[in-house]
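# Secondary and tertiary structure notes
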Amino acid sequence: MAAAIETKQLTKSYKSRIQGNISVVDSLDLVVEEGEIFGFLGPNGAGKTTTIKMLLGIIYPTSGEGYILGKEIGDMDVHKLISYLPERPYYYDYMTGPELLKFYGSLFGINDTARFDSLLERVNLHRDKDKPISKYSKGMMQRIGLAQSLLNDPKLLFLDEPTSGFDPIARREIRDLILSFRDEGRTVFVTSHELEEVERICDRVCIINRGKIVRQGRLSELLKGTRTEIEILGSSVPAVITNIKGVTTRPLADGFLLDVPEIVSVNDVVDATRGAGVTITKIEPRKLRLEDLYEQAVGNNPGPIGDPGLKKTITVEEETTA
């Protein structure tokens, strides 16, 4: 497949009087294939927004190369083929949905009432076409943003936190819309902290921390591992268990759930639990989740750009896709 996005050693640095040059994005090697949904993940301050701004041509890289749909980033011809929906879009709140689409459509030379109505129906806002945007809920704001992002029939969409803070029904509606974009052959580049949603919709993901890639690959490969859940009785978890690195706990009605990643010996946890006189009620193997992978990649080491201790880059080899 051709690459919708490709970067080679893409870097953005700023000068600091205290720390000298700080690389907000550091030697980013990224490939996003055409027609896939790609998740771009990382903690706050990891460099995600800076990367998107470079790809969109809003800011210039310090060094390295970047290509969008085969053209260098910043190429004005590419802007006709891409769309960007920020996490908190701002619109003129006195406009209605059709007025907003007409306004932004004029930037592309589009004045097609039938198209505007079709887009509103697609995002389930056709019943509210006379309502001013000031009366929109958060979910409605996101849907009108998605309608706006489709005005120019883009080949590539950048979506920043498209399902953040929604109720389950609204989240499912947005998720189904994003999946339909892929079905139409569009490429979708998603940034999100909603890891469960990312796991449901994305083909591949990249996790960055402090400007560097720490995991990258196809989800089917990255999540091949397993974890084990152990349920125990009691009002507290003995220190001998909490001191086992990698094991996390959460309370249950009458005890606790121990989440044991693949890298930790289940037998060691069971022996420690029984040695502390704690009753085990269930031991159940589970599939590795994206949340587990994220915690392994970022761990207790997230932080603002410029902190020491960057993790080593780990890249999972891709399978050849037909």
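What you see is a predicted model; the values in this text were computed from it and never measured. (Residues numbered from 1 in each chain as written. Predicted model: local features only at pLDDT ≥ 70, side-chain atom pairs only at ≥ 80, totals over all residues. Heavy atoms only, no water.)

Turning next to the overall build of the protein. Secondary structure assignment for the protein yields 10 helices and 14 strands. Its C-alpha atoms give the protein principal-axis dimensions of about 75 × 50 × 45 Å. Of all 322 residues assigned to the protein, the portion counted as buried reaches 47%. Carbon and sulfur atoms form 48% of the exposed surface of the protein, whose accessible area is close to 16,400 Å². (Helix = DSSP H or I, 4+ residues; strand = E, 2+ residues; numbered from the N terminus. Buried < 20%, exposed > 50% of the residue type's maximum accessible area, 1.4 Å probe, protein only. Areas by Shrake-Rupley, 256 points an atom, 1.4 Å probe, with all protein chains shown as cover.)

With their axes 10 Å apart at the nearest point, helix α2 (residues 97–105) and helix α4 (residues 138–149) run at an angle of 35 degrees to one another. α4 is crossed by α2, and the crossing has right-handed handedness. Contacts from Gly97, Leu100, Leu101 and Tyr104 in α2 reach Ile144, Ala147 and Gln148 in α4. Here the residues of the contact of α2 with α4 are counted per class, giving 5 nonpolar, 2 polar and no charged. (Axes fitted to C-alpha atoms, helices over the stretch in contact; angles between N-to-C directions. Left-handed = near helix turned anticlockwise from the far one by under 90°. Contact = heavy atoms within 4.5 Å. Nonpolar A, V, L, I, M, F, W, Y, C, P; charged D, E, K, R; others polar.)

Turning our eyes to something else, we now look at the sheet that holds strand β11 (residues 226–233). With antiparallel pairing, the 4 strands of this open sheet are ordered in space as β12-β13-β11-β14. Single-partner strands in this sheet number two, and they are β12 (248–251) and β14 (280–287). On average, adjacent strands in this sheet sit at an angle of 20 degrees to one another, irrespective of strand direction. Helix-sheet contacts for helix α9 (residues 266–275) involve β11, β13 (255–261) and β14, and the interaxial angle to β11 is about 10 degrees. (Pairing = 2+ DSSP bridges.)

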